[in-house]
Amino acid sequence: MTDHEREHRDVQDPLRAVRLAKLDGLKALGIDPYPYEFARTHEAAGLDQRYAGLAAGAETGDLVRVAGRIRAMRNSGMFIDLHDASGKIQIFCHRECLDPQGQAAVRLLDIGDLIGVEGHVRRTPRGELTVNAATISVLAKALRPLPEKYHGLADVELRYRQRYLDLIMNPASRETLRRRSGVVATMRNHLLARDYLEVETPMLHAIPGGASARPFVTHHNALDIDLYLRIAPELHLKRLVVGGLADKVFEINRCFRNEGLSPRHNPEFTTLELYEAYVDYRAMMELTEELITATAQAVLGIPRIEYGGTGIDLSPPWPRRSMAELVEAATGIDFLKLDAAAARDAANALAANTADQRLSDEAGWGNALELAFALRVEDQLIEPIHVIGFPRDISPLAKADRNDPRLVERFETYIYGWEIANAFSELTDPQDQRARFEAQMRARAAGDEEAQMLDEDYVSALEYGLPPCGGLGIGIDRLVMLLTDSPSIRDVIAFPTLRPR
RNA sequence: GAGCCCGUAGCUCAGCCGGUAGAGCAACUGACUUUUAAUCAGUAGGUCUCGGGUUCGAAUCCCGACGGGCUCACCA
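A.B. asks: Quick rundown of the overall build of chain A? Include the residues and the values.
C.D. replies: Within chain A, the secondary structure is distributed over 15 helices and 20 strands. If you line up chain A on its principal axes, its C-alpha atoms span 90 × 55 × 50 Å. Residues counted as buried form 48% of the 501 residues belonging to chain A. Carbon and sulfur atoms provide 50% of the accessible area of chain A, an area that totals close to 24,200 Å². Here chain A contributes 59 positive and 75 negative side-chain charges, whose respective centroids are spaced 7 Å apart.

This is how it looks when you write it as structure tokens:
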């Protein structure tokens, strides 16, 4: 169906025609169905709280003004359930209290309309807190009907495409997105309280760096150049530390990766990235634990989550185990004792039983260890854990391990088998950084589309001197999934990417 | 990108064993004036996602397209 056909059908829709006729009826009464303001005195939850002690059957002389969306009408409109963002309040429309224009207007109201009501507060004999409407203001006439009141909007596609309807109908959807806001606010406040400076760095990059991923390409007309939507803010944030803008910086914002969609991948997703001068990755482990337990505490009240029926205790400290150690525990193979060729063979042997990927002959020792980890360890890491001892060849921006040149000072934090955080002792040696980039460029030339590109200006920045520095990234969407028991990333993103209809 | 599953009234769903489509809610008409998914009586509402095919006959069987979900691959 084309847009034009859909629009035509909407115009033909009898349910819509009825509402349009009522709209005209309201105008005929001299009522503006789309007015400019309504001065309300209370939200529903505020009234509930204030009148918690009001006895059933009791009336008050208190005049209040409330506003919200009509969600139900009973007894031919005599009782109206009015919902606002805070909750529900019942409205009573009776000729003994409601003015004549209000009585006429009620007959033209529909479920879904937004109205404002002024009236006295009472509690009905059956115990429902109620406003006896003296006047009714139409605040927005709805031309489309709401979904079914009991089952709500269940169709997942419609829930994502018409999130506004989902939010009207499904309290759980409102709760999830409110918790998301709570997570972000908690992290921001936590970092600001620790003297981190919040900054914003470019979304449009000439060279997409800071991660291994395929970027979106776009075009700037005036400059006539292609630009890339950023895959990570990392390199710009460290430039700010080089400049001494602050010793601690952070950014909470979107990244874009041109890869497949899944219940755990949206093309645009939100990360927290932060950098702190003069500390190493061990400080980042402590900070990760602080931030995540603080958010759980803020939105759940306890440092414990329940995800898909699995209870997970987030209480710190979390164990720190090396990738090689975990792989050996799972497979009996000590990759630290293998050379690159043997490691490749061992990892490929682990993949042999499944349809999994295999390593090419050029793959390094680190790629082999990483594959073994992904195949045999990753999804077993349910309780929070910091995986340390990452291979150097898959970590071009991390400083070498102090004791083992094959490794770097990097960790990833896993919860429920998902990578939630990724952090390093940042590589600050410009010559080493150039060599790492060059190795990436060779991998790229060999066909690895996700290998990182050489960013000359970033190397220049390092040549002016980046202090010893810890860096940390936390994936906000997945963290929110865990904290809201959401099975799909689309549940925690208000407007997830969908194919246009 | 591959495999499996789904698409019926505005919404939630039956019907799928082929015989021209049904319920509840929403809407409309009326009753009822202290209800709580209000109730009662009645009315109206459908290119069964779209396009082909098989058949006397297709919502139902087959093929294709479109949209979605899940799994896998890439990845956070």
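A.B. asks: Describe the protein's contact with RNA strand B, with residues and values.
C.D. replies: Taken together, 49 residues lie around RNA strand B, and Ser 76, Arg 126, Glu 157, His 265 and Arg 478 are the ones closest in. When atoms of RNA strand B within 4 Å of the protein are split into backbone and base, the sugar-phosphate part holds 60%. In this structure, a phosphate oxygen belonging to RNA strand B sits 2.4 Å away from a side-chain N or O atom of Lys 22. Between RNA strand B and Arg 74, the relevant distance is 2.7 Å, taken from a base oxygen to a side-chain nitrogen or oxygen of the residue.

A.B. asks: Any chance you could break down unusual backbone geometry for me, citing the residues and the numbers?
C.D. replies: With an omega dihedral of 0°, the bond running from Pro 316 to Pro 317 counts as a cis peptide bond. In this fold, Pro 317 is placed in the loop between strand S13 (310-313) and strand S14 (320-322). In this structure, Asp 195 takes a positive phi of about 65° despite not being glycine. The topology assignment puts Asp 195 in the loop between helix H7 (171-193) and strand S6 (197-198). Classification of Asp 195 as exposed rests on a relative accessible area of 62%. Although it is not a glycine, Tyr 416 adopts a positive phi angle of roughly 55°. Its location among the elements puts Tyr 416 in the loop between strand S18 (410-415) and strand S19 (418-425).

A.B. asks: Residues and numbers for the side chain of Asp 455, please.
C.D. replies: Position of Asp 455 relative to the elements: it lies in the loop between helix H13 (430-445) and helix H14 (456-464). In this structure Asp 455 comes out as buried when scored by relative accessible area, which is 6%. Within the local environment of Asp 455, its side chain forms a polar contact with the backbone nitrogen of Asp 457, the two atoms lying 3.2 Å apart. For Asp 455, the residues in contact, after removing those within four places along its chain, are Ile 207, Leu 235, Arg 239 and Phe 437.

A.B. asks: Tell me what's going on with the nonpolar core, and back it up with residues and numbers.
C.D. replies: Across soluble globular proteins, you tend to see nonpolar side chains buried next to one another. In terms of nonpolar packing, the biggest core is built from 43 residues, with Val 249, Val 327, Phe 335, Leu 369, Phe 373, Leu 381 and Val 387 touching the most fellow members. Looking at this core, the elements with two or more residues in it are helix H8 (234-242), strand S11 (268-277), helix H10 (323-331), helix H11 (340-351), helix H12 (365-376), strand S15 (385-388), strand S17 (407-408) and H14. Here this core gets six residues from one element, more than from any other, and that element is H12. Counting 40 residues, the second largest nonpolar core, distinct from the first, contains Ile 388, Trp 418, Leu 479 and Ile 489.

A.B. asks: Before we move on, can you summarise the sheet that holds strand S4 (residues 114-123) with the specific residues and values?
C.D. replies: Strand pairing in a sheet relies on backbone hydrogen bonds. The paired strands run either parallel or antiparallel. Spatially, S1-S2-S3-S5-S4 is the arrangement adopted by the five strands of the closed barrel, whose pairing is mixed. Strand-to-strand twist in this sheet, taken as the mean axis angle between neighbours without regard to direction, amounts to 50°.

A.B. asks: Give me the sheet that holds S18: which residues, what numbers.
C.D. replies: As summarised here, the arrangement of the eight strands in space is S6-S10-S11-S20-S19-S18-S15-S14, forming an open sheet in which the pairing is mixed. Looking at strand neighbours, the two that pair on one side only are S6 and S14, the edges of this open sheet. Sheet analysis places S11 next to strand S20 (residues 469-475), joined by seven bridges and oriented antiparallel. The residue bridging Thr 271 from the neighbouring strand is Gly 475, located in S20. Helix H9 (residues 281-300) rests against S11, S14, S15, S18, S19 and S20 of the sheet, and its axis sits at about 35° to S20.

Thresholds applied
Residues numbered from 1 in each chain as written. Chains lettered and ligands numbered in written order. Predicted model: local features only at pLDDT ≥ 70, side-chain atom pairs only at ≥ 80, totals over all residues. Heavy atoms only, no water. Helix = DSSP H or I, 4+ residues; strand = E, 2+ residues; numbered from the N terminus. Buried < 20%, exposed > 50% of the residue type's maximum accessible area, 1.4 Å probe, protein only. Areas by Shrake-Rupley, 256 points an atom, 1.4 Å probe, with all protein chains shown as cover. Lys, Arg positive; Asp, Glu negative; His and termini not counted. Charge placed at Lys NZ, Arg CZ, Asp CG, Glu CD. Near = heavy atom within 4 Å. Polar contact = N/O pair within 3.5 Å; in protein donor to acceptor, adjacent residues only side chain to side chain. Contact = heavy atoms within 4.5 Å. Core = buried A, V, L, I, M, F, W, Y, C linked by side-chain atoms within 4.5 Å. Pairing = 2+ DSSP bridges. Axes fitted to C-alpha atoms, helices over the stretch in contact; angles between N-to-C directions.

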